[in-house]
Number of protein chains: 2
Amino acid sequence: MIKAEQMSLNTATVKEQCNLRQAIDLCARFGIGGIAPWRENLKECGLDEANRMIQDRGLRVSGLCRGGMFTLENQLSQNILDNNKKAVDEAVAIHAECLVMVVGGLKPNSKDLIGSRKQMEEGLFKTLEYARTVKMPIAIEPLHPMYAADRACVNTLKYALDICDGMGAGIGIAVDVYHTWWDPELKSQIKRAGKERLLAFHLCDWLMETKHFLLDRGMMGDGVIDISQIRKWMESESFEMLYEVEIFSAENWWKRDPDEVIRICIERLAVC
Amino acid sequence: MIKAEQMSLNTATVKEQCNLRQAIDLCARFGIGGIAPWRENLKECGLDEANRMIQDRGLRVSGLCRGGMFTLENQLSQNILDNNKKAVDEAVAIHAECLVMVVGGLKPNSKDLIGSRKQMEEGLFKTLEYARTVKMPIAIEPLHPMYAADRACVNTLKYALDICDGMGAGIGIAVDVYHTWWDPELKSQIKRAGKERLLAFHLCDWLMETKHFLLDRGMMGDGVIDISQIRKWMESESFEMLYEVEIFSAENWWKRDPDEVIRICIERLAVC
């Protein structure tokens, strides 16, 4: 069974209730091993103070959310590349174990999925070249295909790993059960990835009656994903990073007392 | 450009406005070449009368919606198999060019995706064995991965074609742009399928801001799918069935005058 100290709290899980300091306190009080902040969290108090708070509590940083969005403009602008370089630097500054990439969907007012993917790959590669110089692992997070238009045009582990194999060292994947559970190739692609490319593992659940495309993710155990099966596949590849809980839930978990949320997260590690 | 006579109207497109007779009249008045009824439409007036009305207007039947749902119970019951056999017979009775299969999601109260897929494949094969005896082609429709839990656990063309290849003759796929547009293997799997397995082609569009999981599909041209590109891939395989328009749209198209809906459908064939 996963222990609290093997868990990481993605701050999105208590996004409406906690600022970074409060989320860090929450982790410390519940014996949670790590945290995964978003870049906006780092702005709240500044990078140095964020880093100090995290290190003071002895927390690991399972990942920084997020770089990417290489398709926000119709060209791969310097602005996009600089922003990603900055994300890499921030990840280094807080000792993140990877920088998570949500790569971006279609280019603005475009139906050109193939061209969008090409631009995205180019941006990813340029960011990787920099990340290698500062030894920050880049984790491509394939998002569920329902986000292909507006968030990420990488929607399968296979495509993400094809990209990784094309680019070489320093890049891998973040496997989120929500985005990938349906994929008939999930097991085989986790095996293909292997320890070296398995950089992060995100937990939540898919609710049978999902009401909102983005903000209705479930607590582990409340949905239909066989999380423990997927965990076994990850561990068969000697995955040994933290188990990161990331739940976007406007109508349920974001409205609850954060202590209760975390207590239940930890309880539910038993079903993972 | 696709002409009206190459179009088929899936009755779901005017589900709230028209019964079968009215939908058939609509097709006839607008010079639409075919219709794709749902099984509940056939109950309205009985199978013989439905067939007579369709043949009287000289309409082709691009497909009958739908067989499948092999996972509605925890076992593959006689009830499920009989219902599918009946669907095959109904498809034969109305001279449908295929019986479309929405195969079913997870078994009741189950997280066993692999077991659900196994049960589904068994039901599909048994139905196929019967369908072969009456020469009714079976078209597996892979649904978007967001329906994997509750509607269909076949979510990629690759998996659908793996099933087809395992089963042999008499079975193929229905390619719906809504369900498949995001797939990086769309082009290669259409090529793999070839003319023999490409049994149906369904058109609508993916709206950038989709508001409902099931009932917010877009009119061709209103969304982000490069439909004409996908059509070219289909036609490269000598696809020559009808172009079936199927739009589930509770808040928009289902509220409009059906003549207006059809007029716009025909106009929008120009962007397909």
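Above this text is the structure in question.
Residues numbered from 1 in each chain as written. Chains lettered and ligands numbered in written order. Predicted model: local features only at pLDDT ≥ 70, side-chain atom pairs only at ≥ 80, totals over all residues. Heavy atoms only, no water.

Trainee: I tried to follow the overall build of chain A on my own but got confused; where do I start?
Mentor: The number of helices and strands found in chain A is 10 helices and 9 strands. In summary, chain A has a C-alpha radius of gyration of 17 Å against a globular reference of 19 Å for 272 residues, a match within 12%. With the C-alpha coordinates of chain A rotated into their principal frame, the extents come out at 45 × 40 × 35 Å. A buried classification covers 61% of the 272 residues belonging to chain A. Taking the intrachain contacts of chain A between residues at least 6 apart in sequence as the baseline, contacts between residues at least 24 apart amount to 79%. Just so you have it, chain A exposes about 10,500 Å², and 48% of that area is on carbon and sulfur atoms. The positive charge centre, built from 34 side chains, and the negative charge centre, built from 40, are 2 Å apart in chain A. (Helix = DSSP H or I, 4+ residues; strand = E, 2+ residues; numbered from the N terminus. Rg over C-alpha atoms; globule rule 2.2 N^0.38 Å. Buried < 20%, exposed > 50% of the residue type's maximum accessible area, 1.4 Å probe, protein only. Contact = heavy atoms within 4.5 Å. Areas by Shrake-Rupley, 256 points an atom, 1.4 Å probe, with all protein chains shown as cover. Lys, Arg positive; Asp, Glu negative; His and termini not counted. Charge placed at Lys NZ, Arg CZ, Asp CG, Glu CD.)

Trainee: Which parts of the structure should I look at to understand the state of the cysteines?
Mentor: Note on terminology: disulfide describes a covalent bond linking the sulfur atoms of two cysteines. Residues and elements named next belong to chain B. Inspection of every chain in the model, using the stated rule, returns 0 disulfides over all chains. Of all cysteine sulfurs in the structure, the one in Cys65 sits closest to Cys98, which takes part in no disulfide; the separation is 8.1 Å. For the unlinked cysteine Cys153, the closest cysteine sulfur is that of Cys164, found at 14 Å. (Disulfide = S-S within 2.5 Å.)

Trainee: Is there a simple way to explain the packing of helix α8 (residues 186–197) of chain A against helix α9 (residues 227–236) of chain A in this structure?
Mentor: Between two packed helices, both the angle of their axes relative to each other and the distance between the axes serve to describe the pair. Residues and elements named next belong to chain A. One can describe the packing of α8 onto α9 by two numbers: an axis separation of 9 Å at closest approach and a directional angle of 25°. Looking at the two axes, α8 sits roughly parallel to α9. α9 is crossed by α8, and the crossing has right-handed handedness. Side by side, α8 and α9 meet where Leu186, Lys187 and Ile190 of the first sit next to Ile230, Trp233 and Met234 of the second. Residues that form the contact of α8 with α9 fall into these classes: 5 nonpolar, no polar and 1 charged. (Axes fitted to C-alpha atoms, helices over the stretch in contact; angles between N-to-C directions. Parallel < 35°, antiparallel > 145°, perpendicular 65-115°, else oblique. Left-handed = near helix turned anticlockwise from the far one by under 90°. Nonpolar A, V, L, I, M, F, W, Y, C, P; charged D, E, K, R; others polar.)

Trainee: Quick question: what am I supposed to make of the pairing of strand β1 (residues 7–10) of chain B here?
Mentor: Successive side chains on a regular strand alternate, one facing one side of the sheet and the next facing the other. Residues and elements named next belong to chain B. Side chains Met7 and Leu9 project from β1 onto one buried face, and the interleaved Ser8 and Asn10 project onto a second face that is buried too. Bridge analysis of β1 against strand β9 (residues 243–245) gives 3 bridges, and the strand direction is parallel. Looking at the pairing, Leu9 lines up with Val245 of β9. Pairing of β1 with strand β2 (residues 34–36) involves 3 bridges; the strand directions are parallel. Bridging from a neighbouring strand, Asn10 pairs with Ala36 of β2. (Pairing = 2+ DSSP bridges.)

Trainee: I would appreciate a short explanation of the relation of the copies chain A and chain B in the present structure.
Mentor: These two copies of the chain differ by a rotation about an axis and a displacement along the same axis. For the pair chain A and chain B, the best superposition has an RMSD of 0.0 Å and corresponds to a rotation of 180° with a translation of 0.0 Å parallel to the axis. Between the two chains, the operation in question is that of a two-fold axis. Counting the interface residues of chain A, we find that 100% of their copies in chain B are interface residues as well, pointing to one common contact surface. (Least-squares fit on C-alpha atoms with pLDDT ≥ 70 in both.)

Trainee: Teacher, can you tell me more about the environment of B:Lys111 here?
Mentor: Residue placement: B:Lys111 occurs in the loop between β5 (99–102) and α5 (113–133). Polar side-chain contacts of B:Lys111 include one of 3.4 Å to the backbone oxygen of A:Gly223. (Polar contact = N/O pair within 3.5 Å; in protein donor to acceptor, adjacent residues only side chain to side chain.)

Trainee: Mind showing me how you'd approach the interface of chain A and chain B here?
Mentor: Interfaces are often sized by the accessible area lost when the parts come together. If you look at the interface, chain A gives 33 residues, while chain B gives 33 residues. For the pair chain A and chain B, the summed buried surface comes to about 2,600 Å²; carbon and sulfur atoms form 71% of the total. The largest share of the area that chain A buries against chain B comes from A:Lys111, A:Trp182 and A:Phe213, three residues that together contribute 25% of it. Between the two partners, chain A and chain B, sit 2 salt bridges. Here chain A and chain B share 4 residue pairs in polar contact (both at pLDDT 80 or more) between them. At the level of elements, α5 (113–133) and α6 (157–167) of chain A are the ones that each hand at least two residues to the side of chain A that touches chain B. (Buried area = accessible area lost by both parts, 1.4 Å probe. Salt bridge = Lys/Arg side-chain N within 4 Å of Asp/Glu carboxyl O.)

Trainee: Explain the sheet that holds strand β4 (residues 64–68) of chain B here, please?
Mentor: Note: strands within a sheet are paired through backbone hydrogen bonds, in either parallel or antiparallel orientation. Residue and element names in this part refer to chain B. Taking strand neighbours across the sheet as the criterion, the 9 strands line up as β3-β2-β1-β9-β8-β7-β6-β5-β4 in an open arrangement whose pairing is parallel. Taken across any chain shown, the strands that pair with only one partner, and hence form the sheet edges, are β3 (60–61) and β4. As judged from the 3 bridges shared by strand β6 (residues 138–140) and strand β7 (residues 171–176), these two strands associate in the parallel manner. Opposite Ile138, over in β7, you have Ile171 as the bridge partner. Running at roughly 160° to β4, helix α4 (residues 78–93) makes contact with β4, β5 and β6 of the sheet.

Trainee: Please clarify how unusual backbone geometry should be interpreted in this entry.
Mentor: Among all residues save glycine, negative phi is the norm, and among peptide bonds the norm is trans. For the bond from A:Cys65 to A:Arg66, the omega torsion is 0°, close enough to zero to count as cis. Mapped onto the elements of the fold, A:Arg66 is located in strand β4 (residues 64–68). One non-glycine residue with positive phi stands out, namely B:Met69, at about 50°. Residue placement: B:Met69 occurs in the loop between β4 and α4. Among the residues examined, B:Met69 registers a relative accessible area of 17% and is labelled buried. With phi around 60°, B:Lys135 is a residue other than glycine that occupies positive phi space. For B:Lys135, a relative accessible area of 72% gives the class exposed.

Trainee: Honestly, the nonpolar core in this entry has me stumped. Any pointers?
Mentor: Soluble globular proteins tend to bury their nonpolar side chains together. Ranked by size, the top nonpolar core spans 186 residues in total, and within it A:Leu124, A:Trp181, A:Trp206, B:Leu124, B:Trp181 and B:Trp206 carry the most contacts. Non-local contacts of B:Trp206, meaning those with residues more than four positions away in its chain, are made with A:Met146, A:Ala149, A:Phe213, B:His144, B:Met146, B:Tyr178, B:Trp181, B:Gly223, B:Val224 and B:Ile225. (Core = buried A, V, L, I, M, F, W, Y, C linked by side-chain atoms within 4.5 Å.)

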